[in-house]
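# Descriptive structure summary
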Amino acid sequence: MSTFPATRLRRLRRTDRLRSLVRETRLDLADFVMPLFVCPGEGVTHPLEGLPGIAQRSVDALVDEVETLAALGVSAVLLFGIPEEKDEEASGAYEEDGIVQRALRELRLRFPDLVLATDVCLCEYTSHGHCGIVRGEEIDNDASLELLARTAVSHAEAGADIVAPSDMMDGRVAGIRKALDAGGFSHVPIMSYAAKFASAFYGPFREAAGSTPQFGDRQTYQMAVSNGDEAMKEIQLDLDEGADIVMVKPAGPCLDLIRRAKERFGSPLGAYQVSGEYAMIKAAAERGMLDETKAMWESVTAIHRAGADIILTYFAPDLAEQM
Ligand SMILES: [Zn+2]
């Protein structure tokens with residue numbers, strides 16, 4: 001084995017061109033997905049305090065926003081809905097003219113080439129803010145499955161290219177696959193939030209989606225941060241149930257699991273750089289503590305280097321502007 005002074009790794013770091021020649025990780029704009037929040041009303045753009053630069057938008061304003069994103073080259077979005085009313089059974093999640101369904105129809109019509117993915121969950125639509133149906137103080141897994149499947153089918157009917165269940169109920173991928181196939185949507189892929197942790201980094205999202213649980217927390221269905229083997233099991237199960245893309249969430253705190261999943265399963269792998277990861281960089285930059293642009297690039301490069309093929313991030317437009 002050759003050693004110093006024959007080996008000098010600095011030789012290839014001497015100029016920008018040389019560094020670029022040997023760059024191992026390159027980012028492609030086509031791999032980024034921009035999360036968007038759609039709310040009722042007209043002409044509404046409601047900026048979110050915890051997510052600088054991100055807003056809830058009514059369908060018409062959302063169309064303008066997507067126009068801008070498309071012009072920047074962002075080719076995929078993930079829709080979250082904020083309904084007019086919430087109830088115990090999350091009916092806003094699956095009704096034909098629900099908020100996401102309306103947004104989908106409008107966007108489908110105007111942007112035929114845009115990849116339209118939808119978050120499939122009940123928490124934005126339930127009065128209690130949990131991701132499933134509540135019986136007493138418990139989240140009823142099996143009762144929630146049917147509503148999640150109905151939600152996914154209604155999204156497919158309205159024009160979704162991908163449905164993305166984020167609820168973490170057991171068996172939801174199989175249930176959704178079965179319902180999609182029965183409804184004539186065997187061509188619609190499922191991107192499952194397979195390893196979704198009960199993370200503190202979701203903080204700002206709760207304001208964005210208006211989905212803070214009214215009692216308890218989500219630890220009975222989301223995973224414990226301490227468990228990596230269990231994350232592999234979750235991913236395996238979702239793939240067995242028919243998931244086409246599996247996701248790890250949050251991304252930054254789970255780089256090791258992204259790598260393990262990539263090496264072990266070899267399926268298309270997504271990672272969600274969540275609201276708190278985004279907000280941390282924004283807040284620190286605002287206070288002059290770090291360089292926002294550099295920190296943004298470093299964070300998404302690390303996620304991609306770890307093994308994520310698809311990166312869901314609120315930085316998508318900022319990244320696109322510089323690509
Ligand atoms: Zn949820």
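Here we summarise the structure given alongside this text. (Residues numbered from 1 in each chain as written. Predicted model: local features only at pLDDT ≥ 70, side-chain atom pairs only at ≥ 80, totals over all residues. Heavy atoms only, no water.)

## Brief notes about a negative patch on the surface
Negative charge collects at one region of the surface, where Glu42, Asp60, Asp64 and Glu67 lie side by side. Inspection of the secondary structure assignment puts Glu67 in helix α2 (residues 59-72). (Patch = residues over 30% accessible without salt bridge, like charges linked within 9 Å, V, L, I, M, F, W, Y side chains within 5 Å. Areas by Shrake-Rupley, 256 points an atom, 1.4 Å probe, with all protein chains shown as cover. Salt bridge = Lys/Arg side-chain N within 4 Å of Asp/Glu carboxyl O. Lys, Arg positive; Asp, Glu negative; His and termini not counted. Charge placed at Lys NZ, Arg CZ, Asp CG, Glu CD. Helix = DSSP H or I, 4+ residues; strand = E, 2+ residues; numbered from the N terminus.)

## Details of α2
Over its 14 residues, α2 extends 20 Å from the first C-alpha to the last, a length consistent with the 20 Å expected when each residue adds 1.5 Å. Listed in full, the buried residues belonging to α2 are Val59, Ala61, Leu62, Val63, Glu65, Val66 and Leu69. In this structure, the buried residues of α2 make contact with β1 (32-38), β2 (45-47), β3 (55-57), β4 (76-81), α3 (99-110) and α11 (316-321). Positive backbone phi, approximately 100°, marks Gly73, located one or two places after α2. (Expected span 1.5 Å × (residues − 1). Buried < 20%, exposed > 50% of the residue type's maximum accessible area, 1.4 Å probe, protein only. Contact = heavy atoms within 4.5 Å.)

## A short note on the layout of surface pockets
Its volume calculated, the largest pocket comes out at about 310 Å³. If you trace the largest pocket, you find 19 residues lining it, with Glu138, Ile139, Thr220, Tyr221 and Gln222 closest to the centre. Of all the elements in the fold, those that place two or more residues in the lining of the largest pocket are β7 (138-140) and α7 (228-240). In terms of residue class, the lining of the largest pocket is built from 7 nonpolar, 6 polar and 6 charged. (1 Å grid on protein atoms, 1.4 Å probe; cavity = no way out; pocket = protein on both sides within 12 Å on 5 of 7 lines; lining within 4 Å. Points joined across faces, edges and corners; volume = space filled by probe spheres on them. Nonpolar A, V, L, I, M, F, W, Y, C, P; charged D, E, K, R; others polar.)

## Looking at unusual backbone geometry
A cis amide bond links Phe4 with the next residue in sequence, Pro5, at an omega value of 10°. Structurally, Pro5 is set in the segment before α1 (16-21). Omega for the peptide link from Lys249 to Pro250 comes to 0°, which places this bond in the cis form. Positionally, Pro250 belongs in the loop between β10 (245-249) and α8 (255-265). Even without being glycine, Ala90 reaches a positive phi, approximately 55°. With respect to the helices and strands, the residue Ala90 is situated in the loop between β4 and α3. One non-glycine residue, Met168, lies in positive phi territory at about 70°. Among the secondary structure elements, Met168 is positioned in the loop between β8 (162-165) and α5 (172-182).

## Some points on the coordination of the zinc ion
The zinc ion binds to the protein through Cys121 (SG), Cys123 (SG) and Cys131 (SG), with metal-donor distances spanning 2.2 to 2.3 Å. Linear spacing of the donor residues for the zinc ion on their chain is C-x1-C-x7-C. A relative accessible area of 1% places Cys121 in the buried class. The exposure class assigned to Cys123 is buried, which follows from its relative accessible area of 5%. (Donors = N, O, S within 2.8 Å, 3.2 Å for Na, K, Ca; no water.)

## Description of the pairing of strand β9 (residues 191-196)
With 6 of 6 residues buried, β9 is to be regarded as a mostly interior element. In this structure, β9 lies alongside β10, joined through 5 bridges in parallel fashion. Residue Ala195 lies in a different strand from β10, and its bridge partner there is Val248. (Pairing = 2+ DSSP bridges.)

## Section: the nonpolar core
Counting residues in hydrophobic clusters, the biggest one holds 109 residues, and the most contacted among them are Phe37, Leu78, Val163, Leu180, Ile235, Ile258 and Tyr272. Take this core: its biggest share by element is 8 residues, from helix α4 (residues 141-158). (Core = buried A, V, L, I, M, F, W, Y, C linked by side-chain atoms within 4.5 Å.)

## Quick notes on α8
For α8, the complete set of buried residues consists of Leu257, Ile258, Ala261 and Phe265. Looking down the long axis of α8, one finds its buried residues gathered within 105° of arc, a one-sided arrangement. The inward-facing, buried residues of α8 contact α7, β10, β11 (269-273) and α10 (292-306). Backbone geometry just downstream of α8 places Gly266 in the positive-phi region, at approximately 65°. (Arc of directions from axis to C-beta.)

## Topic: the packing of aromatic side chains
Aromatic ring pairs: the centre-centre distance and the angle between the two ring planes describe each pair. For the structure shown, the criterion picks out 8 aromatic pairs. For the ring pair Tyr278 and Tyr314, a centre distance of 5.6 Å and an interplane angle of 55° mean the geometry is tilted. Here the residue Tyr278 occupies a position in helix α9 (residues 275-286), and Tyr314 occupies one in the loop between β12 (310-313) and α11, the gap between them amounting to 36 residues. Of the two residues, Tyr278 and Tyr314, neither departs from the other in class, the shared state being buried. When the centroid spacing of 4.6 Å and the interplanar angle of 55° are considered together, the rings of Tyr278 and Phe315 count as tilted. Taken as a pair, Tyr278 in helix α9 and Phe315 in the loop between β12 and α11 lie far apart in primary sequence, 37 residues in all. Overall, the relative accessible area of 2% leaves Tyr278 in the buried class. The ring of Tyr202 is capped by Lys196, whose NZ or CZ atom sits 5.8 Å from the centre of that ring. Above the plane of the ring of Phe205 lies Lys249, whose end atom (NZ or CZ) is 5.5 Å from the centre. (Phe/Tyr/Trp six-rings, centres within 6.5 Å; stacked < 30°, edge-to-face > 60°. Lys NZ or Arg CZ within 6 Å of the ring centre and 35° of its normal.)

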